[in-house]
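# Descriptive analysis of the structure
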Amino acid sequence: MAKPKKSAPAKAEVAKAEVAKTEAHARTLDDIDASRGPKRVKALRDKFEKALENPDTREAMARYLQHLLRQDKNPR
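Chains are numbered independently. Their residues run from 1 in the order of the written sequence. Only residues with pLDDT of at least 70 are given local features in this predicted model, and only at 80 or more are side-chain atom pairs given and counted; all residues enter the totals for whole chains, interfaces and linings. For the side-chain quantities, the full set of heavy atoms in the structure was used; hydrogens and water were omitted.

### Quick notes on the overall build of the chain
- Each helix is a run of H or I in the DSSP string that is no shorter than four residues. Each strand is a run of E no shorter than two, and both are numbered from the N terminus. If you tally the helices and strands in the chain, you get three helices and zero strands.
- Helices and strands in the chain line up, N terminus first, as α-α-α.
- Burial classes: relative accessible area under 20% of the type maximum marks a residue as buried, over 50% as exposed, and values in between as partly exposed (1.4 Å probe, protein chains only). Put simply, the chain has 76 residues, and 1% of those count as buried.
- Computed with the Shrake-Rupley method and a 1.4 Å probe, the accessible areas treat only the protein chains shown as cover for residues. If you sum the accessible surface of the chain, you get close to 8100 Å²; carbon and sulfur atoms cover 58% of it.

### Notes on the environment of arginine 58
- Relative to the assigned elements, arginine 58 resides in helix α3 (residues 55-73).
- Residue arginine 58 is classed as partly exposed on the basis of its relative accessible area, which comes to 40%.
- Considered as a pair, arginine 58 and phenylalanine 48 are 10 residues apart in the sequence and their alpha carbons are 9.5 Å apart.
- When sequence neighbours within four positions are dropped, the list of residues in contact with arginine 58 reads Ala51, Leu52 and Glu53. Contacts were defined at the residue level, with two residues in contact if any of their heavy atoms lie within 4.5 Å.

### Thoughts on the packing of helix α2 (residues 36-52) against α3
- Lines fitted to the C-alpha atoms define the axes, with helices restricted to the stretch that makes contact. Angles between their N-to-C directions range from 0 to 180 degrees. Between α2 and α3, the shortest axis-to-axis distance is 7 Å and the interhelical angle comes to 110 degrees. Taken together, α2 and α3 sit at an angle that is classed as roughly perpendicular. Of the residues in α3, those in contact with Phe48, Ala51 and Leu52 of α2 are Thr57, Arg58 and Met61.
- Polar here means any residue outside two lists: the nonpolar Ala, Val, Leu, Ile, Met, Phe, Trp, Tyr, Cys and Pro, and the charged Asp, Glu, Lys and Arg; Gly therefore counts as polar. In the contact of α2 with α3, the residues fall into four nonpolar, one polar and one charged. In this scheme, roughly parallel covers angles under 35 degrees and roughly antiparallel covers those over 145, while 65 to 115 is roughly perpendicular and the rest are oblique.

### With respect to a nonpolar patch on the surface
- Each patch is assembled from residues with relative accessible area greater than 30% and no salt bridge, linking like charges that lie within 9 Å and nonpolar side chains (Val, Leu, Ile, Met, Phe, Trp, Tyr) that lie within 5 Å. Any carboxyl oxygen of Asp or Glu within 4 Å of a side-chain nitrogen of Lys or Arg constitutes a salt bridge here. Together, Tyr64, Leu65 and Leu68 make up an exposed nonpolar region whose accessible area comes to about 300 Å².
- A residue is classified by how much of its surface remains accessible, and leucine 68, at 33% relative accessible area, is partly exposed.

### Examining the pattern of salt bridges
- Under the definition given, this model contains one salt bridge.
- A salt bridge links aspartate 46 to lysine 42; its shortest N-O distance comes to 3.3 Å. Taken together, the residues aspartate 46 and lysine 42, both in helix α2 and four residues apart, mark about one turn of the helix.
- Residue class for lysine 42 comes out exposed when judged on its relative accessible area of 52%.

### Some remarks on the confidence of the model for the chain
- Here the chain averages 77 in pLDDT, while 74% of its residues score no lower than 70.
- Mean pLDDT values over the elements of the chain span from 69, in helix α1 (residues 11-22), up to 87, in α3. The pLDDT score gives, residue by residue, the confidence of the prediction method on a 0 to 100 scale.

Structure, rendered in structure tokens:
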């Protein structure tokens, strides 16, 4: 006896399914949490203030900023 063949899904259906998986949910302005920004900025300020109290961290940050400035002058 021959085995029954499985019907393959149509290519269009497969393509639609792939798009549906990768398509992000459209956000509206109401979906954005506006209170998160100021809280995050405050947390980063606190973190940098604590980091600047340590001399080693200050030097490392200064070296990193100088490195970024040099990179900016010499674009690849």
